[in-house]
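Notes for the structure review
Each chain, written out:
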Amino acid sequence: MKLQQMKYLCAVVDRGCNITEAAQALFTSQPGVSKQIRALEEELGVEILMRSGNRIIGTTEAGREIVAAARRVLVDARQLEDVAREFTQREDGRLVVATTHLHARFPLLPVITAFAQKNAHVQMRLLQCPPEEIEAMVAAGDADIGVTAGTDALPADCVALDAYPLHRCLIARHGHPLLKIRRPTLKQIAQYPLIMYDPNFSSGKSVQRAFDAVGITPNVVLSAIDADVIKAYVAGGLGVAVLQRLAYDPKLDTEIGAVNVDHLFPGSHTKLVLNRAKYLRQYTFDFIQMVAPAWTQTKVRAALAN
């Protein structure tokens, strides 16, 4: 069997079993992709993809296990190149970080700036996407590190390290009645139009769950995935919002004020998501410690080994 066959198989599954889209992403022909997957099935002696006529409709039970194993093989194959580069190109390299807009825009900004200055020969790539995609990218080896608060269903091959705590605050335009209350309740917040994070994000889920737990239905007038957008609409007077404290800067956000609401929501941490099988170069350990100083190289290796 060949790495190319496994690469083609994973590409087809990742695109909803659409061979045409997979072929386009791989810059090859549709018949070529089909031929390689058929050859893999013949060599293994088992059907991987379920077919209805000329159409692929899913993976077989054996196919799901084979796809998972193929992903691990592809990740391991990439590690060979990384190990070689560690000894032949110690300074040069590439670091791919997958995260959400919130973390890219606020806490990671000074970290990435400092890292780039220290590691001028390392090319950084920042991928912004939803939490579930972050974890999938790390599991597939497409990202070296994931920075996210959403790790409800962490892939088996990954580990999540606590990076920094997340605190929440209620924001509103200056002069709003809620800003005068030291410890506002959910009932008091629900009296006003609410702007929320998209419920597909952990930040939105946490807020919604808190209201659901006490049987309160807030008047959600807008949901968004961008903290800057949420703050802009709060400043515009559309409503109030609950967001992470790290996204609020009183020196910059001059039109809005904030009050702490940690008492209303469970505590949480931003996680650093790593693939257990991925070889980490020295500058990757440096980046991890810049984000979360407590995670030394020794501690990270121990966490990956557990």
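Attention here is on the structure that accompanies the text. In this text the structure is predicted, and so the values were computed from the model without any measurement.

The rules we used
- Residues numbered from 1 in each chain as written.
- Predicted model: local features only at pLDDT ≥ 70, side-chain atom pairs only at ≥ 80, totals over all residues.
- Heavy atoms only, no water.
- Patch = residues over 30% accessible without salt bridge, like charges linked within 9 Å, V, L, I, M, F, W, Y side chains within 5 Å.
- Areas by Shrake-Rupley, 256 points an atom, 1.4 Å probe, with all protein chains shown as cover.
- Salt bridge = Lys/Arg side-chain N within 4 Å of Asp/Glu carboxyl O.
- Helix = DSSP H or I, 4+ residues; strand = E, 2+ residues; numbered from the N terminus.
- Buried < 20%, exposed > 50% of the residue type's maximum accessible area, 1.4 Å probe, protein only.
- Pairing = 2+ DSSP bridges.
- Axes fitted to C-alpha atoms, helices over the stretch in contact; angles between N-to-C directions.
- Contact = heavy atoms within 4.5 Å.
- Parallel < 35°, antiparallel > 145°, perpendicular 65-115°, else oblique.
- Nonpolar A, V, L, I, M, F, W, Y, C, P; charged D, E, K, R; others polar.
- Disulfide = S-S within 2.5 Å.
- Left-handed = near helix turned anticlockwise from the far one by under 90°.

Quick look at a nonpolar patch on the surface
On the surface, a cluster of nonpolar side chains totalling about 300 Å² of accessible area is made up of Val221, Val229, Tyr233 and Leu238. For Leu238, the position within the fold is in the loop between helix H10 (227-235) and strand E10 (240-244).

A few points about the pairing of strand E12 (residues 268-275)
Side-chain positions along a regular strand alternate between the two faces of the sheet. Within E12, six of the eight residues are buried, leaving the element largely enclosed by the surrounding structure. Judged from the three bridges that link them, strand E5 (residues 145-148) and E12 form a sheet pairing that is antiparallel. Bridging across to E12, Thr148 finds its partner in Lys271. Pairing geometry for strand E6 (residues 158-166) and E12, over eight bridges, is antiparallel. Counterpart to Cys158 in the pairing with E12 is Asn275.

With respect to the sheet that holds strand E11 (residues 256-260)
Sheet architecture is open: five strands sit in the order E9-E8-E10-E7-E11, paired in mixed fashion. Both outer strands of the open sheet, strand E9 (220-224) and E11, are each paired with one neighbouring strand and no more. On average, adjacent strands in this sheet sit at an angle of 30° to one another, irrespective of strand direction. Here helix H9 (residues 202-213) sits on the sheet in contact with strand E7 (168-173), strand E8 (194-197) and E10, set at roughly 130° to E8. Each of E7, E8, E9, E10 and E11 touches H10; the most contacted strand, E8, lies at about 175° to it.

Looking at the packing of helix H2 (residues 19-26) against helix H3 (residues 30-44)
Two elements in contact, H2 and H3, have axes whose closest approach is 8 Å; the angle formed by their N-to-C orientations is 105°. Looking at the two axes, H2 sits roughly perpendicular to H3. Of the residues in H3, those in contact with Ile19, Thr20, Ala23 and Leu26 of H2 are Gln30, Val33 and Ser34. Residues of the contact of H2 with H3, tallied by class, amount to four nonpolar, three polar and no charged.

Re the state of the cysteines
For the structure on display, the rule yields zero disulfides. Counting only cysteine sulfurs, Cys17 is the nearest neighbor of Cys10, a cysteine outside any disulfide, at a range of 11 Å. A relative accessible area of 5% means that Cys10 is categorised as buried.

Concerning the sheet that holds E5
On the basis of which strands lie adjacent, the open sheet formed by five strands has the order E4-E3-E5-E12-E6 and mixed pairing. Two strands lie at the open edges of the sheet, namely strand E4 (122-128) and E6, each paired on one side alone. Neighbour to neighbour, the strand axes of the sheet diverge by 20° on average, direction disregarded. The strands that helix H7 (residues 131-140) touches are strand E3 (93-99), E4, E5, E6 and E12; relative to E5, the one it contacts most, it runs at about 160°. In the packing of helix H12 (residues 297-305) onto the sheet, contacts are made with E6 and E12, and the angle to E6 comes to roughly 130°.

A short note on the packing of helix H6 (residues 108-118) against helix H11 (residues 282-291)
Relative to each other, H6 and H11 sit at 145°, their axes nearing to 10 Å. In the crossing of H6 with H11, the sense of the turn from one axis to the other is right-handed. Residue-level contacts link Leu108, Val111, Ile112, Ala114, Phe115 and Lys118 of H6 to Tyr283, Asp286, Phe287, Met290 and Val291 of H11. Of the residues assigned to the contact of H6 with H11, the class counts are nine nonpolar, no polar and two charged.

Description of the environment of Leu166
Locating Leu166 in the fold gives a position in strand E6. You can call Leu166 buried: its relative accessible area is 3%. The spatial distance from the C-alpha of Leu166 to the C-alpha of Ile112 is 19 Å, given a sequence separation of 54 residues. Dropping the residues within four chain positions of it, Leu166 is found in contact with His103, Ala149, Gln244, Leu246, Ser268, His269 and Thr270.

A closer look at the pattern of salt bridges
Scanning all chains against the criterion turns up seven salt bridges. A salt bridge links Asp14 to Arg71, with the shortest nitrogen-to-oxygen separation between them at 2.7 Å. In this pair, Asp14 sits in helix H1 (residues 3-14) while Arg71 sits in helix H4 (residues 61-88), placing the two residues 57 residues apart along the sequence. Overall, the relative accessible area of 47% leaves Asp14 in the partly exposed class. Each of the salt bridges in this network shares a partner with another, and the network as a whole consists of Arg105, Asp228, Lys231 and Asp253.

Limitation: the analysis is restricted to geometry and does not speak to function.
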